[in-house]
Structures are given as C-alpha cells and as structure tokens.
Amino acid sequence: VGSKELWLGMKQTVQLTGGSGKAALLVDLGIALVKRQADVIEFLCEELKCRGNALAQKLKDPKWRREVEKQIKNRQITHGRRGHAASAKYTDWTARWAGHYQKGSGPRPARKLRSLSEMSASEYMFDHQGQQKSVQQFFEEKYGMKLRYPDLPCLCFGAQGKNAVPMELCEFGGGEPAGIDSQPDRDAVIKHTSGQARERLQKVQGFAREVKAEASA
C-alpha cells in the first residue's frame, strides 16, 4: 500500500472453557499495517510523485518540506545502503560502528532520524580537523563517494541533529507500525480480512495443526 505493507499472521490466546477448567487455544487471523523497507529517495519520490532529479526543487516548497518531515521524523534509518557504487570503506565503517554500539541489525546500524538539514550536502559545512568541509566533500574524500544527488538535504541524526548523512546513502529499516489513515489503506485491510468464512476457517485450522505438531514434537 504505497510506502506501507501488510503483514498477515495468526494471533492466539489461551482461555479456560466452561466449568471444566480445561484450557482451550483460541486462534484467529491477524493483520498489521507497517512501514515497508525502502530507500529514502525512492520513498520521497513516491510520496511527492516526482523523479529523483526533481526532488531537491520539490523540497524547497515549505508545504512539501513540512509534510515530508512529518512523515519521516523519528523513523529508524540505516546507512551505508546496499548497492551504492563506491561505499566499501563506508560500509566497513558502519560495520565497526554497529559492532561497537551493538545497535541495529547486521552490519548496518539503525538510528533515529531527527530532521532534514536546511542546506544540501554540497552546502552543509562543518569543521573537520580544523578545516571547513561540506558533507559532499567529506564523503568524497574520506570514502571515495561521488554523490549522485548533492543538491538534496542531508538526514540529521544524534541528540541535537548535528550528524548529517547524504540522503542517498540511507534507507528506512521497515517494520514500524503504520496507521490506517487513508482510503487505500482501509481498502487493503478489508480486502485481506473479509475473505470467505470457509477460507478463513481453513487457514485457522491449518495453523492449529501446526501448533499441535510443534507441541508434540
């Protein structure tokens, strides 16, 4: 469902039946709408209905910027994203960073996004060992990365949002709860939960058999 996906499963509870005091396993279908794993630029282009090379101009509009910040603030982000052309050194750094802090999953640590930078990666300047460098220049010199979208804002992390990372190196981890806040969301949930009663019963019975098999193994 756009930037979201449906997770289907089963939920089970144990309940005492009647006066016998015997426990019964109640099984029902469960469904959750969660935010899907996605490249940050891909996600924003989908939300704003534009191409990557037009995204920077779109984000200069205060209306769209506020909407984007509302949607992505506090999302869990991983960086050193898969498939980036020249990120071997950066991927190695994220692996060591993850090992040190024991955060995230695998070699790419998840961090909470604070905000979008006001300036682009080519304009955002910071002090690095006594020299002023742009984020674009830093990543090119230290990690050999030639940014494809240097005109896009950076994603800012840390307690005060001062750690800036180029947007194209980031992706949403996915799996975070998402609200059912649009008609397409509601339609998708209804479609997957309003099947024929016989089909739902068969699914539940199959799951119950699996539970029994595991219990007796």
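Model, not experiment: these values are computed from the prediction.

### Structural notes on the overall build of the protein
Move 1: Helix and strand content of the protein: seven helices and eleven strands.
Move 2: For the protein, with 217 residues in total, the buried portion stands at 35%.
Move 3: For the protein, the proportion of contacts with a sequence separation of at least 24, taken over those separated by at least 6, is 67%.
Move 4: If you sum the accessible surface of the protein, you get close to 13500 Å²; carbon and sulfur atoms cover 49% of it.

### Some thoughts on the state of the cysteines
Move 1: Applying the stated criterion across every chain, the model contains zero disulfides.
Move 2: Cys-154 provides the cysteine sulfur closest to Cys-156, a residue in no disulfide bond, and the two sulfurs are 6.5 Å apart.
Move 3: No disulfide involves Cys-170; its sulfur sits 8.9 Å from the nearest other cysteine sulfur, which is in Cys-154.
Move 4: What makes Cys-170 buried here is its relative accessible area of 0%.

### Overview of the sheet that holds strand S10 (residues 163–166)
Move 1: Spatially, S6-S9-S10 is the arrangement adopted by the three strands of the open sheet, whose pairing is antiparallel. With partners counted over all chains shown, the strands left at the sheet margins are strand S6 (115–120) and S10, one partner each. Strand-to-strand, the axes of this sheet are offset by a mean angle of 40°, without reference to chain direction.
Move 2: Here three bridges tie S6 to strand S9 (residues 153–157), and the two strands are oriented antiparallel to one another. Pairing of Leu-116 across the sheet is with Leu-155, part of S9.
Move 3: Taken strand by strand, helix H3 (residues 62–72) contacts S6 and S9, and its axis lies near 140° from that of S6.
Move 4: Across the sheet, helix H5 (residues 135–143) touches S9 and S10, and the angle it forms with S10 is around 70°.

### Looking at helix H7 (residues 197–216)
Move 1: With 20 residues, H7 extends 29 Å between its outermost C-alpha atoms, agreeing within 8% with the 28 Å of an ideal straight helix rising 1.5 Å per residue.
Move 2: Within H7, the full set of buried residues consists of Val-204, Gly-206 and Phe-207. The arc that holds every buried residue of H7, seen down its axis, measures 155°, which confines them to one face. Opposite the packed face of H7, turned more than 90 degrees from it, sit the exposed residues Ala-197, Arg-198, Arg-209, Lys-212 and Ser-216.

### What about the nonpolar core?
Move 1: Leu-55, Leu-155 and Met-167 are the most contacted members of the largest nonpolar core, which has 34 residues in total.
Move 2: For this core, the secondary-structure elements that each account for two or more residues are helix H1 (40–48), helix H2 (52–58), H3, H5, S9, S10 and strand S11 (170–172).
Move 3: Among the elements that line this core, the one with the most residues is H1, at six residues.
Move 4: Among residues more than four places away in sequence, those in contact with Met-167 are Val-40, Ile-41, Leu-44, Leu-55, Leu-59, Leu-116, Leu-152, Pro-153 and Leu-155.

What counts, and at which threshold
Residues numbered from 1 in each chain as written. Predicted model: local features only at pLDDT ≥ 70, side-chain atom pairs only at ≥ 80, totals over all residues. Heavy atoms only, no water. Helix = DSSP H or I, 4+ residues; strand = E, 2+ residues; numbered from the N terminus. Buried < 20%, exposed > 50% of the residue type's maximum accessible area, 1.4 Å probe, protein only. Contact = heavy atoms within 4.5 Å. Areas by Shrake-Rupley, 256 points an atom, 1.4 Å probe, with all protein chains shown as cover. Disulfide = S-S within 2.5 Å. Pairing = 2+ DSSP bridges. Axes fitted to C-alpha atoms, helices over the stretch in contact; angles between N-to-C directions. Expected span 1.5 Å × (residues − 1). Arc of directions from axis to C-beta. Core = buried A, V, L, I, M, F, W, Y, C linked by side-chain atoms within 4.5 Å.

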